[in-house]
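So the chains spell out like this:
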Amino acid sequence: MTLEKNSYDTAVIGGGLTGLTAAVYLARSGRSVVVLEKESRLGGLAETAKMNGALFNLGPHAMYEGGAALRILNELGCMPEGGYAAKGSMIGILQGRIVEVPTGLTQEENMEWRGLMGGLSQIDTESIRSVSVQEWAESSIRRERVRLFFYAMCRQWSYCGDMSALSAGFAIE
Ligand SMILES: Cc1cc2nc3c(=O)[nH]c(=O)nc-3n(C[C@H](O)[C@H](O)[C@H](O)COP(=O)(O)OP(=O)(O)OC[C@H]3O[C@@H](n4cnc5c(N)ncnc54)[C@H](O)[C@@H]3O)c2cc1C
């Protein structure tokens, strides 16, 4: 790789969302910037891979309204296209079948699910920091399918697939 100049005010290492954002703001403030990216493409985890006609997000796929990411993209004039995520329900694949939560649960499961979701904010997360999600769920959630959907939510929030290694205090907080 050859650089256009011998020296820059700032070198940003990594051309993911963070590096690119930092580089744009630095350049806007009048500094010369070079972005050094080890891969052949920019974007880092923001990349989407296309395989057999299906799209796989390596990382981000959604943003919070009112969050910093959306505000910055707005400021930079590159608002992402897309729709709104359904807030009321969640869809999972359980034993090879698509199940919508809460409508696909039995009445008992549904009651437990609602109780669980409604009670999460009351849990003293500090006291279960060193308890794993698996340990906590096995002692606190009676019905297996409710537990499995709880694990699915924890995986999605934390990007951690191993429920025996994930802190219940962290995940619930
Ligand atoms: C599965 C998953 C889902 C996510 N979903 C969301 C979501 O829905 N919404 C959301 O807001 N966030 C989400 N995130 C978080 C989001 O991906 C990150 O906050 C964001 O992508 C971080 O950007 P970054 O630039 O810091 O890191 P990265 O995207 O990881 O970019 C780092 C870049 O640095 C490069 N690099 C690393 N080392 C070197 C080196 N030595 N020299 C040169 N280049 C180097 C890498 O190749 C890469 O391009 C998700 C993350 C994951 C893993």
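All residue numbers refer to position in the chain's written sequence, counted from 1. In view of the model being predicted, local features appear only for residues whose pLDDT reaches at least 70, and side-chain atom pairs are presented and counted only at 80 or more, with totals across whole chains, interfaces and linings using the full set of residues.

Asks: It is not clear to me how the environment of Pro102 should be interpreted in this structure. Could you clarify?
Replies: Looking at the element boundaries, Pro102 is found in the loop between strand 6 (97–101) and helix 3 (107–119). Sequence-wise, Pro102 and Met153 are 51 residues apart; in three dimensions their C-alpha atoms are separated by 13 Å. Setting aside residues no more than four positions away along its own chain, Pro102 makes contact with Ser89, Asn110, Trp113 and Arg114. Helix numbers and strand numbers start at the N terminus; a helix is a DSSP run of H or I with at least 4 residues, a strand a run of E with at least 2. We call two residues in contact if the C-beta atoms placed from their backbones are at most 7 Å apart.

Asks: Looking at this model, I keep getting lost on the environment of Val33. Mind explaining?
Replies: Among the secondary structure elements, Val33 is positioned in strand 2 (residues 33–36). With 125 residues separating them in the primary sequence, Val33 and Ser158 have C-alpha atoms 33 Å apart. Not counting the four nearest positions on each side in its chain, Val33 is found in contact with Tyr8, Asp9, Thr10, Val12, Ala23, Leu26 and Ala27.

Asks: I'm lost on the site of the ligand in this one. Help?
Replies: In the vicinity of the ligand there are 21 residues, among which Gly14, Gly16, Thr18, Gly44 and Gly59 approach most closely. Ranked by the residues each element gives to the shell around the ligand, the list is headed by helix 1 (residues 17–28), at 3 residues. Considered class by class, the residues forming the shell around the ligand number 10 nonpolar, 8 polar and 3 charged. The criterion for a residue being near a molecule or strand is simple: its C-beta atom, placed using the backbone, must lie within 6 Å of it. In this classification, Asp, Glu, Lys and Arg are treated as charged, Ala, Val, Leu, Ile, Met, Phe, Trp, Tyr, Cys and Pro as nonpolar, and every other residue, Gly included, as polar.

Asks: Is there a simple way to think about the pairing of strand 2 in this case?
Replies: A regular strand carries its side chains on alternate faces of the sheet. As defined by bridge partners, strand 1 (residues 10–13) adjoins strand 2 across 4 bridges and the pair is classed as parallel. Opposite Ile13, over in strand 2, you have Leu36 as the bridge partner. Here is how to tell: hold the view so the strands point away, follow the path from the first strand over the helix to the second, and if it runs clockwise the crossover is right-handed. Where the polypeptide runs from strand 1 across helix 1 and back to strand 2, its parallel neighbour, the crossover connection is right-handed. Pairing between two strands is assigned when DSSP locates at least 2 bridges connecting them.

Asks: Can you walk me through the nonpolar core in this structure?
Replies: Side chains of a nonpolar character, in soluble globular proteins, are inclined to be buried together. Counting residues in each nonpolar core, the largest one holds 14 residues, and the members touching the most others are Val133 and Cys154. Among the secondary structure elements, those contributing two or more residues to this core are helix 4 (133–140), helix 5 (144–158) and helix 6 (168–172). Looking at this core, the element that brings in the most residues is helix 5, giving 4 residues. Apart from residues lying up to four places away in sequence, Val133 is in contact with Tyr151, Cys154, Met163, Leu166, Ala168 and Ala171. Note on definitions: a nonpolar core is a set of buried residues drawn from Ala, Val, Leu, Ile, Met, Phe, Trp, Tyr and Cys, linked by C-beta atoms within 7 Å. To assign burial, the other C-beta atoms lying within 10 Å of each residue's own C-beta are counted, with C-beta atoms placed from the backbone; 20 or more indicates buried, 12 or fewer indicates exposed, and intermediate counts indicate partly exposed.

Asks: What exactly am I supposed to notice about the domain arrangement of the protein chain here?
Replies: It is common to report an interface's size as the accessible area lost on association of the parts. Segmenting the protein chain into domains produces domain 1 (10–75) and domain 2 (90–172). Domains are outlined according to an automatic or database domain assignment. Its C-alpha centre places domain 1 at a distance of 32 Å from the equivalent point of domain 2.

Asks: Explanation requested: the packing of helix 3 against helix 5 in the structure shown.
Replies: For any two helices packed against each other, one specifies the inter-axial angle together with the distance between the axes. Comment: axis = line fitted to C-alpha atoms, over the contacting stretch for helices; angle = value between 0 and 180 degrees taken between N-to-C directions. Put simply, helix 3 and helix 5 touch, their axes get as near as 9 Å, and they point 40 degrees apart. On the basis of their axis angle, the class for helix 3 and helix 5 is oblique. Relative to helix 5, helix 3 is oriented so that their crossing is right-handed. Contacts between helix 3 and helix 5 involve Glu109, Glu112, Trp113 and Leu116 on the former and, on the latter, Arg145, Val146, Phe149 and Phe150. Oblique is the label for any angle not covered by the other classes, which are roughly parallel (under 35 degrees), roughly antiparallel (over 145) and roughly perpendicular (65 to 115). For any helix crossing, the convention is left-handed if the near helix is rotated counterclockwise from the far helix by under a right angle, and right-handed if that rotation is clockwise.

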